[in-house]
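Here's the letter readout for the chains.
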Amino acid sequence: MTDAPDRMPLPRDFFNRPVQDVAPDLLGRTLVRHSPDGPIELRLTEVEAYDGERDPGSHAYRGRTARNATMYGPPGHAYVYFIYGMWFSINLVCGPEDRASAVLLRAGEILTGRSLAAGRRPKARNTDELAKGPARLATALDIDRSLDGVDVCASTDSPLTILHGTPAPRALVRNGPRTGVGGDGAGHPWRYWIDGDPTVSPYRPHSPRRRTTTAT
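To start, this report covers the structure provided alongside it. (Residues numbered from 1 in each chain as written. Predicted model: local features only at pLDDT ≥ 70, side-chain atom pairs only at ≥ 80, totals over all residues. Heavy atoms only, no water.)

Details of the packing of aromatic side chains
Line of reasoning, step 1. Overall, the coordinates contain three aromatic pairs when judged by the stated rule.
Line of reasoning, step 2. Aromatic side chains F14 and F15 sit 5.0 Å apart centroid to centroid with 75 degrees between the ring planes, which places their arrangement in the edge-to-face category.
Line of reasoning, step 3. With a relative accessible area of 0%, F15 lands in the buried category.
Line of reasoning, step 4. Centre to centre, the rings of F82 and F88 are 4.8 Å apart; their planes meet at 40 degrees, and the pair counts as tilted.
Line of reasoning, step 5. Assessed through its relative accessible area of 39%, F82 is described here as partly exposed.
Line of reasoning, step 6. The partly exposed category is assigned to F88, whose relative accessible area is 23%.
Line of reasoning, step 7. The side chain of R17 reaches across the aromatic face of F14, ending 4.6 Å from its centre.
Line of reasoning, step 8. Over the ring of W193 we find R191; its NZ or CZ atom is 4.3 Å from the centre of that ring. (Phe/Tyr/Trp six-rings, centres within 6.5 Å; stacked < 30°, edge-to-face > 60°. Buried < 20%, exposed > 50% of the residue type's maximum accessible area, 1.4 Å probe, protein only. Lys NZ or Arg CZ within 6 Å of the ring centre and 35° of its normal.)

Considering the nonpolar core
Line of reasoning, step 1. Core analysis: the largest hydrophobic core is formed by 42 residues, its most contacted members being F15, L26, V103, L105 and L160.
Line of reasoning, step 2. With residues up to four places along the chain from it excluded, the contact list for L105 reads L26, L31, L44, E46, V47, I90, L92, P134 and L137.
Line of reasoning, step 3. Counting eleven residues, the second-largest nonpolar core is a separate cluster that includes Y50, Y81, L104 and V181. (Core = buried A, V, L, I, M, F, W, Y, C linked by side-chain atoms within 4.5 Å. Contact = heavy atoms within 4.5 Å.)

Overview of a nonpolar patch on the surface
Line of reasoning, step 1. Nonpolar side chains collect at one region of the surface, where F82, Y84, M86 and W87 lie side by side and expose about 440 Å² of accessible area between them.
Line of reasoning, step 2. Its location among the elements puts Y84 in the loop between β3 (78–83) and β4 (87–93). (Patch = residues over 30% accessible without salt bridge, like charges linked within 9 Å, V, L, I, M, F, W, Y side chains within 5 Å. Areas by Shrake-Rupley, 256 points an atom, 1.4 Å probe, with all protein chains shown as cover. Salt bridge = Lys/Arg side-chain N within 4 Å of Asp/Glu carboxyl O. Helix = DSSP H or I, 4+ residues; strand = E, 2+ residues; numbered from the N terminus.)

Some details on the environment of D37
Line of reasoning, step 1. Counting through the fold element by element, D37 comes out in the loop between β1 (30–33) and β2 (40–50).
Line of reasoning, step 2. What makes D37 exposed here is its relative accessible area of 56%.
Line of reasoning, step 3. Sequence spacing of D37 and D128 is 91 residues, and the spatial spacing of their C-alpha atoms is 22 Å.
Line of reasoning, step 4. Ignoring sequence-local partners within four residues, the contact set of D37 consists of L116 and R120.
Line of reasoning, step 5. There is a polar contact of 3.5 Å between the side chain of D37 and the side chain of R120. (Polar contact = N/O pair within 3.5 Å; in protein donor to acceptor, adjacent residues only side chain to side chain.)

Describing the pairing of strand β8 (residues 191–194)
Line of reasoning, step 1. Residues of β8 alternate between two faces, with R191 and W193 on one and Y192 and I194 on the opposite face, all of them buried.
Line of reasoning, step 2. Across three bridges, β2 lies against β8 in antiparallel orientation. From the neighbouring strand, E48 faces β8, where its bridge partner is R191.
Line of reasoning, step 3. For strand β7 (residues 173–176) and β8, the ladder comprises four bridges, and the chain directions are antiparallel. (Pairing = 2+ DSSP bridges.)

Structure below.
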């Protein structure tokens, strides 16, 4: 890391705020994945806010569990979960400790380490698709449950760091309903993205998963 302002890790106070304030302010920031294979840097272009026990769309809506325990921890840590039995997603914990809330990282532009990301995302048709969606982002950056609880405000000693980067101009920040959220949380306009950015994923409303049955 250098002493340039855009290369400095975001301080913990940045995350110790209401999740609806943190989420849009993350757009344009740089997520760095440090690994033995080399670093990958990603500019965040799309995120979603989840407000814990106050939010029907949040994993913490019904309280603390073994799965969501990291959301109740100190701000500025990664909350990583497994979904649909095949994908990982990464969130950044916000607000005071013991008050669950987090921002889902939905999409971003790979700035450095594109060959590494492409090797993990061989089906991507172009560089814009490498981290276009939360599962793709986690796959491209080799993020799994082993990184749950990692401190993203730390230095290069951490496998994940969030740098100041270049915040997105407020005039380009848009918001709307969260992707794939159903029930009482469907209408919350807590998805934020950079308008016109090609790495932003398309909005999709909630669609209940069909249960398959075996013919007898």
